[in-house]
Amino acid sequence: MNDFFDNETFTKVDFTLTKINKGEYDSCTFENCNFENVHASNIEFLECEFINCNFSNTVVNHTFFKDCTFENCKMVGVKFNECNNFLLEMSFHNCQLNLSSFYQLKIPTTKFISCNLQEVDFVEADLSRGLFKDCDLKGAIFEQTNLEKADLTTATNFAIDPENNSIKKAKFSNENIVGLLYKYDIVVE
């Protein structure tokens, strides 16, 4: 039988030492918790908030994230593509997501604010109407990605091929438009 946690706060819990209970966490807050390399599979997080947590290499097979926010979290190498994608909704603020994967996920309107997204896999993802505010996308992979109406006006270091991705009505700035021309090996001054 799975446990149910409602409106609880978990502070400074090291889940590498204390096993996380399988079950449903509803409107819970996790602050300064360590999930690094933890198997957090088949857990439901509904309207939860994660603040200053370490999620690096956490296994999230069939994990359910509905309306969850991550703030100041280290999330290197997380395979979000293995999550339960039903009603999947997340937002990220000041998070380090390097080497994570959103492969084939349908996560329109997702907000990435002041995040490090280096070498993240966005292949075949639906990021339409998403926000990439002040994000570093160096080495991020965009192939057959839906970026329609996404806002990348303050994003940096991206390389997006307009012929291989959907970018209709996406927003870019004069300063970062060169990220759409990288494959032509031209110099823009």
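Residues numbered from 1 in each chain as written. Predicted model: local features only at pLDDT ≥ 70, side-chain atom pairs only at ≥ 80, totals over all residues. Heavy atoms only, no water.

As recorded in an unreviewed UniProt entry, the protein goes by Pentapeptide repeat-containing protein and comes from Tenacibaculum singaporense.

**Q** Please clarify how the packing of aromatic side chains should be interpreted in this entry.
**A** Between two aromatic rings, the relevant description is the distance of the centres plus the angle of the planes. A full pass over the atoms with the stated rule returns 32 aromatic pairs. Taking 5.5 Å as the distance between ring centres and 15° as the angle between the ring planes, the aromatic pair formed by Phe 102 and Phe 122 counts as stacked. One end of the pair, Phe 102, is in the loop between β9 (90–93) and β10 (111–113); the other, Phe 122, is in the loop between β10 and β11 (131–133), and 20 residues separate them in sequence. No difference in accessibility class separates Phe 102 from Phe 122, as the two residues are buried. Plain terms: the ring middles of Phe 112 and Phe 132 are 5.1 Å apart, the flat faces sit at 15° to each other, and that makes the pair stacked. Of this pair, Phe 112 sits in strand β10 while Phe 132 sits in strand β11, placing them 20 residues apart in sequence. The same class applies to Phe 112 and to Phe 132, which are both buried. (Phe/Tyr/Trp six-rings, centres within 6.5 Å; stacked < 30°, edge-to-face > 60°. Helix = DSSP H or I, 4+ residues; strand = E, 2+ residues; numbered from the N terminus. Buried < 20%, exposed > 50% of the residue type's maximum accessible area, 1.4 Å probe, protein only.)

**Q** Help me out: how do you make sense of the domain arrangement of the protein in this one?
**A** Note on interface size: it is often stated as the accessible area lost on association of the parts. If you check the domain split of the protein, you get domain 1 (1–97) and domain 2 (102–182). A C-alpha centroid distance of 24 Å is found between domain 1 and domain 2. In this complex, domain 1 contributes twelve residues to the contact, which on the side of domain 2 involves 13 residues. Of the roughly 1100 Å² buried between domain 1 and domain 2 on both sides combined, carbon and sulfur atoms contribute 64%. Along the contact surface separating domain 1 from domain 2 lie zero salt bridges. On inspection of domain 1 and its partner domain 2, the count reaches five residue pairs in polar contact (both at pLDDT 80 or more). Partitioning the side of domain 1 that touches domain 2 into residue classes produces six nonpolar, six polar and no charged. (Domains from an automatic or database assignment. Contact = heavy atoms within 4.5 Å. Buried area = accessible area lost by both parts, 1.4 Å probe. Salt bridge = Lys/Arg side-chain N within 4 Å of Asp/Glu carboxyl O. Polar contact = N/O pair within 3.5 Å; in protein donor to acceptor, adjacent residues only side chain to side chain. Nonpolar A, V, L, I, M, F, W, Y, C, P; charged D, E, K, R; others polar.)

**Q** What am I meant to see in the sheet that holds β9 here?
**A** The strands making up a sheet associate through backbone hydrogen bonding, with each pair oriented either parallel or antiparallel. Read from one edge to the other, the open sheet built from seven strands follows the order β2-β4-β6-β8-β9-β10-β11, with strand pairing classed as parallel. The open sheet has two edge strands, β2 (9–11) and β11, and neither has a second partner. Pairs of neighbouring strands in the sheet enclose a mean axial angle of 10°, with direction left out of account. Across three bridges, the pairing between β9 and β10 is parallel. (Pairing = 2+ DSSP bridges. Axes fitted to C-alpha atoms, helices over the stretch in contact; angles between N-to-C directions.)

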